[in-house]
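One-letter residues, chain by chain:
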Amino acid sequence: MCGIFGYVGKQLSLETLVEGLQRLEYRGYDSCGIAALREKKLFLQKRSGKIAHLRKQLDSKLKSKTELAILHTRWATHGKPNKINAHPHIGCRRKIVAVHNGIIENFLPLKEKLKKQGHRFTSETDTEIIVHLIEEYYKGSLAEAVKKAITKLDGSFAVGVFCVEDPDTLLVARKASPLIVGLGKEGNFIASDIPALLSFTKKVIYLKDGELAVLKKDSFFITFFSTKFLPELFKNNPFGYFWQFVLYCSEGRVKSPIDYTKYMSCFVFKKNNPKIVHQGKDIFVDTPGKMVEPDEGYIDHPTPKPKHFIKEILKMFTKENDLVLDPFIGSGSTAVACIQLNRKFIGFEIEKIF
Ligand code: GLU
């Protein structure tokens, strides 16, 4: 157990945020820390012991405001409960910042590999490999980098991440550790448990295993970071099995709610068939270019998906009344094709909240 609390929004004081973290004290902890962006600069403060001491340490800075922050109470599993091992952890270039609850079982081989790639580690924690992995994959899109990094992790995790270069985005993902997203009028929050959120908002979403949420000041988007959790995620759904296809645009022009990306995927659920068919591999871990190359040009809006191509695929692989789930886009070509072909459609959009 430990506590994660985070915020992206118009502005809150460090004091208010520390109070949010204090509402998670009941979970138990041995050290604590905060990372925030203040006037576009990274501010990091951590220590062993009580949040009350961290609060004292922050002193005159308590009243200063931030638009983006993550806070953490640690219950040490790997490494002593000291200041260096306390979260948040940061990458070598001091841009990627992360907190973690859980245990990364394969951290040793990952750490060795990252060291060979030139990453310098400062703590004894399993957690620190997460920031270096994200740093390794970061090429301008935090969402892409986080997705890639967390599909390499075995074990349990709730992770909160931000990047100094992307001051409007807070990312969270979870597998077997609790994480809640809170949607507020003045911004959005993440927390390990409800008490931290109650004074800010009553609108909460419990993330499921395999889900990744991208939070901005006034919008959010939830997607899967890996299809490998889908069977679990849809265990209690009314559908028999799913099939995934991937569209790949080598120019990286596909605009998905989380960013510009090179690929997108669709899942086709078929009723009354208990078999799971994997077509290709997980889109986030293998090379999508080897899968499907659309042979048409791109449309500009809402997504540059090759319309005709999607229709053909849907015709090939689905029957009338099958349900098609488009986890990235939720509009445009897939929806239109589904209507034309009499398939049911579910899509996800960035949800504007207020
Ligand atoms: N395993 C991590 C560590 O030892 C996270 C522990 C926690 O959940 O607080 O730093």
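Up top you'll find the structure we're talking about.
Position labels on residues start from 1 in each chain and follow its written sequence. Since the coordinates come from a predicted model, pLDDT governs what is reported: local features require at least 70, and pairs of side-chain atoms require 80 or more to be given and counted, while whole-chain, interface and lining totals use all residues. Heavy atoms throughout the structure, all of them, feed into the side-chain values; hydrogens and water do not.

Enquirer: Give a detailed account of the site of the ligand, specifying residues and quantitative values.
Expert: Around the ligand, the structure places 14 residues, and the nearest of them are Arg 74, Thr 77, His 87, Asn 101 and Asp 126. Two N or O atoms form a polar contact when they lie within 3.5 Å of each other; inside protein one atom must be a possible hydrogen donor and the other a possible acceptor, and for residues adjacent in sequence the pair counts only when both atoms belong to side chains. Between the ligand and the protein, one listed contact pairs an oxygen atom with a side-chain N or O atom of Arg 74 at 2.6 Å. Take Trp 75: an N or O atom from its main chain is 2.8 Å from an oxygen atom of the ligand. Using a 1.4 Å probe, the Shrake-Rupley method yields the accessible areas, and only the shown protein chains count as cover for residues. When isolated, the ligand has an accessible area of 300 Å², and the protein chains bury 98% of it. Helical segments are the DSSP runs of H or I of at least four residues, strand segments are the runs of E of at least two, and each set is numbered from the N terminus. Going through the elements one at a time, β4 (65–74) and β6 (96–104) are the ones with two or more residues in the shell around the ligand. Here the element with the most residues in the shell around the ligand is β6; it accounts for 3 residues. Polar here means any residue outside two lists: the nonpolar Ala, Val, Leu, Ile, Met, Phe, Trp, Tyr, Cys and Pro, and the charged Asp, Glu, Lys and Arg; Gly therefore counts as polar. When its residues are assigned to classes, the shell around the ligand shows 3 nonpolar, 9 polar and 2 charged. Any residue with a heavy atom lying within 4 Å of a molecule or strand is counted as near it.

Enquirer: Any chance you could break down the pattern of salt bridges for me, citing the residues and the numbers?
Expert: Between Lys or Arg on one side and Asp or Glu on the other, a salt bridge is scored when a side-chain nitrogen of the former is within 4 Å of a carboxyl oxygen of the latter. Per the counting criterion, the structure on display carries 10 salt bridges. Residue Glu 19 pairs with Arg 55 through a salt bridge whose shortest N-O separation is 3.6 Å. Placement of the pair is Glu 19 in helix α1 (residues 14–22) and Arg 55 in helix α2 (residues 51–58), with a sequence separation of 36 residues. The exposure class assigned to Glu 19 is partly exposed, which follows from its relative accessible area of 29%. We note a salt bridge from Lys 115 to Glu 112, for which the minimum N-O separation is 3.8 Å. Within this pair, Lys 115 and its partner Glu 112 are both found in helix α3 (residues 107–116), separated by 3 residues, close to a single helical turn. A cluster of three or more residues bridged by salt bridges with shared partners is formed by Glu 15, Glu 19, Arg 55 and Lys 63. Burial classes follow relative accessibility: with a 1.4 Å probe on protein chains only, a residue under 20% of its type's maximum area counts as buried, one over 50% as exposed, and anything between as partly exposed.

Enquirer: Mind laying out the sheet that holds strand β11 (residues 204–206), listing which residues take part and the relevant values?
Expert: Two strands are said to pair when DSSP picks up at least two bridges between them. Ordered in space as β3-β2-β4-β1-β10-β9-β11, the 7 strands form an open sheet in which the pairing is antiparallel. The strands lining the two open edges of the sheet, one partner per strand, are β3 (41–48) and β11. Averaged over all adjacent pairs, the angle separating strand axes in this sheet is 15 degrees, with direction ignored. Sheet topology note: the strand β9 (residues 180–183)/strand β10 (residues 187–191) ladder contains 4 bridges and is antiparallel. Bridge assignment links Val 181 to a residue of β10, and that residue is Ile 190. Note on contacts: a residue pair qualifies if any of its non-hydrogen atoms lie within 4.5 Å across the two residues. Between N-to-C directions, angles cover 0 to 180 degrees, with each direction set by a line fitted to C-alpha atoms, over the stretch in contact for helices. Lying over the sheet, α1 contacts β1 (3–13), β2 (31–38), β3 and β4, oriented at roughly 155 degrees with respect to β1.

Enquirer: So, unusual backbone geometry: which residues are in play, and what are the values?
Expert: Look at the link from His 87 to Pro 88: it is a cis peptide, with omega at -5 degrees. In this structure, Pro 88 sits in the loop between β4 and β5 (89–90). Here the phi dihedral of Glu 39 falls at roughly 50 degrees; this positive angle occurs in a residue that is not glycine. Among the structural elements, Glu 39 can be located in the loop between β2 and β3. Residues other than glycine seldom take positive phi values, yet Asp 59 does so here, at roughly 45 degrees. Note that Asp 59 resides in the loop between α2 and β4.

Enquirer: Got a sec to walk through the environment of Gln 117? Specific residues and values, please.
Expert: Along the polypeptide, Gln 117 turns up in the loop between α3 and α4 (128–137). For Gln 117 and Glu 136, which are 19 residues apart along the polypeptide, the C-alpha to C-alpha distance reads 8.7 Å.

Enquirer: I'd like a rundown of the side chain of Thr 125, residues and numbers included.
Expert: The topology assignment puts Thr 125 in the loop between α3 and α4. For Thr 125, the side chain forms a polar contact with the main-chain nitrogen of Glu 128, separated by 3.1 Å. Those residues in contact with Thr 125 that lie beyond four places of it in its chain are Arg 74, His 78, Asn 85, His 89 and Phe 107.

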